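Chains, contacts and geometry: an overview
Letter by letter, the chains look like this.
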Number of protein chains: 2
Amino acid sequence: MNWGTIDKYAKSLIKEAGHKIRMSFFSSIDIDSKADANDLVTNIDRQIEQFFIQRIQRDFPGHRILGEEGFGDEITALDGVVWMLDPIDGTMNFIHQKRNFAISLGIYADGIGMLGYIYDVMNDDFYHAALGEGAYYNDEKLPILENTPLENAIIGVNASWVAPNRRIENEPIAKMVHTCRGTRSYGSAAIELAYVSSGRIDAYMSLRLSPWDIAGGMVIAQEVGAIATNMLGDKPELLGQDTFLVAKPGLHETILSNYIRLK
Amino acid sequence: MNWGTIDKYAKSLIKEAGHKIRMSFFSSIDIDSKADANDLVTNIDRQIEQFFIQRIQRDFPGHRILGEEGFGDEITALDGVVWMLDPIDGTMNFIHQKRNFAISLGIYADGIGMLGYIYDVMNDDFYHAALGEGAYYNDEKLPILENTPLENAIIGVNASWVAPNRRIENEPIAKMVHTCRGTRSYGSAAIELAYVSSGRIDAYMSLRLSPWDIAGGMVIAQEVGAIATNMLGDKPELLGQDTFLVAKPGLHETILSNYIRLK
């Protein structure tokens, strides 16, 4: 397998998809008159996923594709090469903001993350990594992350996990929120993973993510020394939904040991 | 008073300040070796405020300035013309992310907001408004906001107000979080006000903001029909800290009546 070639191919494909998404905003006036905004977006989500799938199937016929919109393969085991794709991560932002969404792609070989990409389409910010070769923000190599104590940390955590909910004890999360320096929520798991990897925030957590939300970001995070696990401290599930916590190394341990109590 | 002239002057001054802030990132390597990151930032905050003050005092000697860094005038009453300035709103983002911060400026005459500006410096996104003349995102006129029911709303609310705290009952806020479509937190009151005004989110709330955080944004919000009050439903205090809620008209009433219970 020539991973260098696949890497170049994937980057080019993602940039082309990003261009298609940006162009879709120009034609939205016509389309808005025929269907409501949610249908429109579903269409673009689907079109972009189908664009990826057609290309990958044509050019890498042995590879399989796990996509959010469900046009790819039915994946029940991770043998061989699997492309895990979210064509538009942060769909709600896409609809309401026309920004703060990303294309997320991870390419895995027998369950090992080989290549990872997060493309913040409207900012033209491209985060990418290849296993063992470091991670990049556009052309700039990202430094290995240094630890940050919780007291100085900015944590990506949505308000819904601080409110009482059926997945996690919210009182310890509330304590964490008051102990850390600040919290943020951007509405895109891929962008928050990219932010952790580039040191813009120090941790990110969610109680329910799918493989395509995290597959690309995990390769990038690993290359800068971030720890990405589910909330049991294990490798996140890549065949179904799972909890998720990514953070700088010591901070990951602090949060997992002291503030996470799953129901 | 020629408000058209003041408007042109203020826009030019803000753009120049934004340029200075962007340039400061290029010299940060030198400065980092002499002082820690927090000192560096405090210096830039201060330098930018002093830049504004020197220019305004020179060119509008009768006007007064209320600035976050405290180099302006001591303001105990709102008579005459008062420039309310936050040179860098979202300082934590400025330090950690080098993005997602804004210059926020409101120019008030006898307590009435005449001109408002929010400049998202790194995105080069400029939100501005003049009383009675509509609001703009760059050169594009912003439409009057239409109401959105809470169930479809995206609300800017920080996790710290969903956790138990000494300012507001958190259970009703937790209910609101579960009822609305989603929540976000960007770490800059000015940017969240700009997002409400441009329809990217539907409401934003905070339990403790200062006049310079909201002065510019309130002029912009008013021009697109958003309602901005404190959490008692009154005009927010412009001489000290206050609670704050800005939202689309019906949504403002829904949130204020059903989910806000101050302690």
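Residues numbered from 1 in each chain as written. Chains lettered and ligands numbered in written order. Predicted model: local features only at pLDDT ≥ 70, side-chain atom pairs only at ≥ 80, totals over all residues. Heavy atoms only, no water.

**Digging into the pairing of strand β5 (residues 125-130) of chain A**
Residue and element names in this part refer to chain A. Across the six residues of β5, six count as buried, placing the element largely inside the fold. Burial along β5 is two-sided: the residues Asp125, Tyr127 and Ala129 and Phe126, His128 and Ala130 are all buried. Two elements, strand β4 (residues 112-120) and β5, share six bridges in a ladder whose sense is antiparallel. Among the inter-strand pairings, Ile118 is bridged to a residue of β5, identified as Tyr127. Here β4 folds back onto β5, and the loop between the two strands holds four residues, one of which, Asp124, carries a positive phi near 55°. Relative to strand β6 (residues 135-137), β5 runs antiparallel, the two being bridged by three bridges. Its bridge partner lying in β6, Ala129 is registered against Ala135. Where β5 hands over to β6, the hairpin turn is made up of four residues, of which Gly132 adopts a positive phi near 80°. (Buried < 20%, exposed > 50% of the residue type's maximum accessible area, 1.4 Å probe, protein only. Helix = DSSP H or I, 4+ residues; strand = E, 2+ residues; numbered from the N terminus. Pairing = 2+ DSSP bridges.)

**Things to note about the interface of chain A and chain B**
If you look at the interface, chain A gives 33 residues, while chain B gives 33 residues. Summing both sides of the interface, chain A and chain B together bury roughly 2800 Å²; the carbon and sulfur share of this comes to 46%. Linking chain A with chain B are two salt bridges. With a shortest N-O distance of 3.0 Å, Asp125 of chain B and Arg99 of chain A are connected by a salt bridge. For the pair chain A and chain B, the interface holds 19 residue pairs in polar contact (both at pLDDT 80 or more). (Contact = heavy atoms within 4.5 Å. Buried area = accessible area lost by both parts, 1.4 Å probe. Salt bridge = Lys/Arg side-chain N within 4 Å of Asp/Glu carboxyl O. Polar contact = N/O pair within 3.5 Å; in protein donor to acceptor, adjacent residues only side chain to side chain.)

**Focus: helix α5 (residues 170-179) of chain A**
Within α5 of chain A, the full set of buried residues consists of Asn170, Pro172, Ile173, Ala174, Met176 and Val177 of chain A. Buried residues in α5 of chain A make contact with β8 (154-156), β9 (182-184), β10 (203-209) and α8 (249-259) of chain A.

**Points about the relation of the copies chain A and chain B**
Of the transformation placing chain A onto chain B, the axial shift is 0.0 Å and the rotation is 180°, giving an RMSD of 0.0 Å. Overall, the copies show the geometry of a two-fold rotation axis. (Least-squares fit on C-alpha atoms with pLDDT ≥ 70 in both.)

**Brief notes about the domain arrangement of chain A**
One frequently used descriptor of interface size is the decrease in accessible area upon assembly of the parts. Residue and element names in this part refer to chain A. The domain boundaries assigned to chain A delineate domain 1 (3-141) and domain 2 (150-259). Measuring from the centre of the C-alpha atoms in domain 1 to the corresponding centre in domain 2 gives 22 Å. Counting residues at the interface gives 38 residues for domain 1 and 26 residues for domain 2. Together, the buried faces of domain 1 and domain 2 total about 2200 Å²; carbon and sulfur atoms form 65% of this surface. On the surface where domain 1 and domain 2 come into contact, there are zero salt bridges. Scanning the region where domain 1 abuts domain 2 turns up 11 residue pairs in polar contact (both at pLDDT 80 or more). Listed by contribution, the elements that provide at least two residues to the side of domain 1 that touches domain 2 are β1 (64-67), β2 (81-89), β3 (102-109), β4, β5 and β6. Element by element, the count of residues in the side of domain 1 that touches domain 2 is highest for β4, at seven residues. Across the side of domain 1 that touches domain 2, the residue classes tally to 20 nonpolar, 13 polar and five charged. (Domains from an automatic or database assignment. Nonpolar A, V, L, I, M, F, W, Y, C, P; charged D, E, K, R; others polar.)

**Some points on the sheet that holds strand β12 (residues 242-247) of chain B**
Residue and element names in this part refer to chain B. The strand order across the open sheet built from five strands is β9-β8-β10-β12-β11, with neighbouring strands paired in mixed fashion. Of all strands in the sheet, those with a lone pairing partner are β9 (182-184) and β11 (227-229), marking the two edges. Averaged over all adjacent pairs, the angle separating strand axes in this sheet is 15°, with direction ignored. With five bridges connecting them, strand β10 (residues 203-209) and β12 associate as antiparallel partners. Within β12, the residue paired with Leu209 across the bridge is Asp242. Across the sheet, helix α8 (residues 249-258) is in contact with β8 (154-156), β10, β11 and β12; its angle to β12 comes to roughly 135°. (Axes fitted to C-alpha atoms, helices over the stretch in contact; angles between N-to-C directions.)

**Points about the packing of aromatic side chains**
Following the criterion strictly, the structure yields 25 aromatic pairs over all chains and no others. Their ring planes at 35° and their centres at 5.3 Å tell us that Phe25 of chain B and Phe94 of chain B sit as a pair that is tilted. One end of the pair, Phe25 of chain B, is in helix α1 (residues 3-26); the other, Phe94 of chain B, is in helix α4 (residues 91-97), and 69 residues separate them in sequence. Considered together, Phe25 of chain B and Phe94 of chain B belong to a single accessibility category, that of buried residues. One aromatic cluster is present, built from ring pairs that chain together Tyr186 and Tyr195 of chain A together with Tyr186 and Tyr195 of chain B. The lysine or arginine in question, Arg200 of chain A, covers the ring of Tyr137 of chain A, its NZ or CZ lying 4.8 Å from the ring centre. (Phe/Tyr/Trp six-rings, centres within 6.5 Å; stacked < 30°, edge-to-face > 60°. Lys NZ or Arg CZ within 6 Å of the ring centre and 35° of its normal.)

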